[in-house]
Amino acid sequence: MNAAPEAIAPEPARAAPASAELTIDVRGLNKHFGPRHVVKDFSLQVRRGEIYGFLGPNGSGKTTSIRMLCGLLTPDSGSGTCLGHDVIRETAAIKREVGYMTQRFSLWEDLTIRENLNFVARMYDMRHRRAAVDAALERLGLQSRADQLSGALSGGWKQRLSLAACLLHEPRLLLLDEPTAGVDPKARRDFWEEIHGLAASGLSVLVSTHYMDEAERCHRLAYIA
Ligand SMILES: Nc1ncnc2c1ncn2[C@@H]1O[C@H](COP(=O)(O)OP(=O)(O)OP(=O)(O)O)[C@@H](O)[C@H]1O
Ligand SMILES: [Mg+2]
């Protein structure tokens, strides 16, 4: 990333919620891979219930930035909090409260939808797993396909499964890394309806995208050069 993100789109498509509570509040994050300075002075503030869009060309450091926010990568410098937890020292707490949807499908293709959700529920050591998995299947309209192998699903259904999996442990923040890549227009619309419903219920969402029409669906935007 060559520059700090710059706020654009002064007229949001939909009004941002009034809450001033900051879900993400980081300043001056940097990350090098060997000699390459991949993320440079990254600062971001995201409020509760806000859908924050994150744009930038390939290789600009979007995924790296998201991974630093959810505690999977340690920044070389900089500071801040995610969900009130320190991004350097309290990464375990962050991981428990964040739902991270990776850029590529990262569930098990040779497990069914239900088996994948059960596995994730076990990873989070959730109580009442069966009820939580049933509720997730219903919420995302996955019941009729619950016993299909995940590897055989279309892009849109894989995306719904990924979203169900990252919502299972009731996170307070969703980090969605190009969630609609390879998904047809109808499924993309449905997905965005779902995201708006979640944000209206108080969840904060940071979403990276290449699509300008999706950027219009966010409350605020940052662009990485
Ligand atoms: N673990 C790693 N080790 C070395 N280099 C890496 C690593 N992860 C990412 N990079 C490099 O850092 C740069 C930024 O990568 P990143 O995946 O964060 O960009 P991105 O904006 O998400 O790109 P895309 O739009 O293609 O997903 C790229 O040049 C990438 O090759
Ligand atoms: Mg990426």
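Residues numbered from 1 in each chain as written. Chains lettered and ligands numbered in written order. Predicted model: local features only at pLDDT ≥ 70, side-chain atom pairs only at ≥ 80, totals over all residues. Heavy atoms only, no water.

K.L.:
Is there a simple way to think about the site of ligand 1 in this case?
P.N.:
Around ligand 1, the structure places 14 residues, and the nearest of them are Gly-59, Lys-62, Thr-63, Thr-64 and Gln-103. Within the side chain of Arg-36, a nitrogen or oxygen atom sits 2.9 Å from an oxygen atom of ligand 1. Note that an oxygen atom of ligand 1 is positioned 2.7 Å from one of the side-chain N or O atoms of Lys-62. Across the complex, the protein chains shield 63% of the 640 Å² of accessible surface that ligand 1 would expose by itself. Classifying every residue of the shell around ligand 1 by side-chain character gives 3 nonpolar, 8 polar and 3 charged. (Near = heavy atom within 4 Å. Polar contact = N/O pair within 3.5 Å; in protein donor to acceptor, adjacent residues only side chain to side chain. Areas by Shrake-Rupley, 256 points an atom, 1.4 Å probe, with all protein chains shown as cover. Nonpolar A, V, L, I, M, F, W, Y, C, P; charged D, E, K, R; others polar.)

K.L.:
What should I look at first to understand the side chain of Thr-180 in this one?
P.N.:
Counting through the fold element by element, Thr-180 comes out in the loop between β8 (173-177) and α6 (185-200). Assessed through its relative accessible area of 1%, Thr-180 is described here as buried. Once residues within four sequence positions are removed from consideration, Thr-180 is found in contact with Gln-159, Arg-188, Phe-191, Trp-192, Tyr-211 and Glu-214. (Helix = DSSP H or I, 4+ residues; strand = E, 2+ residues; numbered from the N terminus. Buried < 20%, exposed > 50% of the residue type's maximum accessible area, 1.4 Å probe, protein only. Contact = heavy atoms within 4.5 Å.)

K.L.:
Honestly, the coordination of the magnesium ion (ligand 2) in this entry has me stumped. Any pointers?
P.N.:
Each donor-metal-donor angle would ideally measure 109.5 degrees in four-coordinate tetrahedral geometry, or 90 or 180 degrees in six-coordinate octahedral geometry. Around the magnesium ion (ligand 2), the protein supplies Thr-63 (OG1) and Gln-103 (OE1) as donor atoms, at distances of 2.0 to 2.2 Å. A residue pair is termed long-range when its members are at least 10 positions apart, and Thr-63 in helix α1 (residues 62-69) and Gln-103 in the loop between β7 (98-101) and α3 (113-123) qualify at 40 residues. (Donors = N, O, S within 2.8 Å, 3.2 Å for Na, K, Ca; no water.)

K.L.:
Looking at this structure, I do not really get the pairing of strand β3 (residues 36-47). What am I missing?
P.N.:
Within a regular beta strand, the side chains point alternately toward one face of the sheet and then the other, so they alternate between its two faces. Relative to β3, strand β2 (residues 22-33) runs antiparallel, the two being bridged by 8 bridges. Across the sheet, Leu-29 pairs through a bridge with Phe-42, a residue of β3. Where β2 folds back on β3, the antiparallel hairpin that results is connected by 2 residues, among which Gly-34 adopts a positive phi of roughly 60 degrees. (Pairing = 2+ DSSP bridges.)

K.L.:
What should I look at first to understand the packing of aromatic side chains in this one?
P.N.:
Given two aromatic rings, their pairing is described by the distance between the two centres and the angle made by the two planes. All told, the structure shown has 2 aromatic pairs when counted by the stated rule. On the numbers, 5.7 Å between centres and 45 degrees between planes, the contact of Phe-42 with Phe-54 is tilted. Highlighted residues: Phe-42 in strand β3 and Phe-54 in strand β4 (residues 51-55), separated in sequence by 12 residues. For the residue pair Phe-42 and Phe-54, the accessibility class agrees, reading buried in each case. For the cation-ring pair, Lys-158 lies above Phe-105, with the distance from its terminal atom to the ring centre recorded as 5.3 Å. (Phe/Tyr/Trp six-rings, centres within 6.5 Å; stacked < 30°, edge-to-face > 60°. Lys NZ or Arg CZ within 6 Å of the ring centre and 35° of its normal.)

K.L.:
Where do I start with the nonpolar core in this structure?
P.N.:
Within soluble globular proteins, side chains that are nonpolar generally end up buried alongside one another. By size, the foremost hydrophobic cluster in this structure holds 37 residues, and its most contacted members are Ile-51, Leu-117, Leu-163, Leu-174, Leu-176 and Ile-195. Elements supplying a minimum of two residues to this core: β4, α3, α4 (129-139), α5 (155-167), β8, α6 and β9 (204-209). Of all the elements, α5 adds the most residues to this core, at 6 residues. Setting aside chain neighbours within four positions, we find Leu-176 in contact with Ile-66, Met-101, Leu-163, Phe-191, Ile-195, Val-205, Leu-206, Val-207 and Ser-208. The next biggest cluster of nonpolar side chains, apart from the first, holds 25 residues, and it includes Leu-29, Leu-69, Cys-70 and Cys-82. (Core = buried A, V, L, I, M, F, W, Y, C linked by side-chain atoms within 4.5 Å.)

K.L.:
Is there a simple way to explain a nonpolar patch on the surface in this structure?
P.N.:
A surface patch of nonpolar side chains, amounting to about 390 Å² of accessible area, comprises Trp-108, Phe-119, Met-123 and Tyr-124. As for its position among the elements, Trp-108 is in the loop between β7 and α3. Trp-108 sits in the partly exposed class, given a relative accessible area of 35%. (Patch = residues over 30% accessible without salt bridge, like charges linked within 9 Å, V, L, I, M, F, W, Y side chains within 5 Å. Salt bridge = Lys/Arg side-chain N within 4 Å of Asp/Glu carboxyl O.)

K.L.:
Before we go on, may I ask you to explain the sheet that holds strand β6 (residues 85-86) in this structure?
P.N.:
By definition, the strands of a sheet pair up through backbone hydrogen bonds, in either a parallel or an antiparallel sense. Spatially, 4 strands are ordered β3-β2-β5-β6 in an open sheet, and the strand pairing comes out antiparallel. The strands lining the two open edges of the sheet, one partner per strand, are β3 and β6.

K.L.:
What am I meant to see in unusual backbone geometry here?
P.N.:
The phi torsion of most residues other than glycine is negative, and most of the peptide bonds are trans. Unusually for a residue other than glycine, Leu-83 sits at a positive phi of about 55 degrees. Within the secondary structure layout, Leu-83 lies in the loop between β5 (77-82) and β6. Taking relative accessible area as the criterion, Leu-83 reaches 9% and is therefore assigned buried. If you check the backbone angles, Glu-170 has positive phi at about 55 degrees while not being a glycine. Position of Glu-170 relative to the elements: it lies in the loop between α5 and β8. Accessibility expressed as a relative area gives 68% for Glu-170, which makes it exposed.

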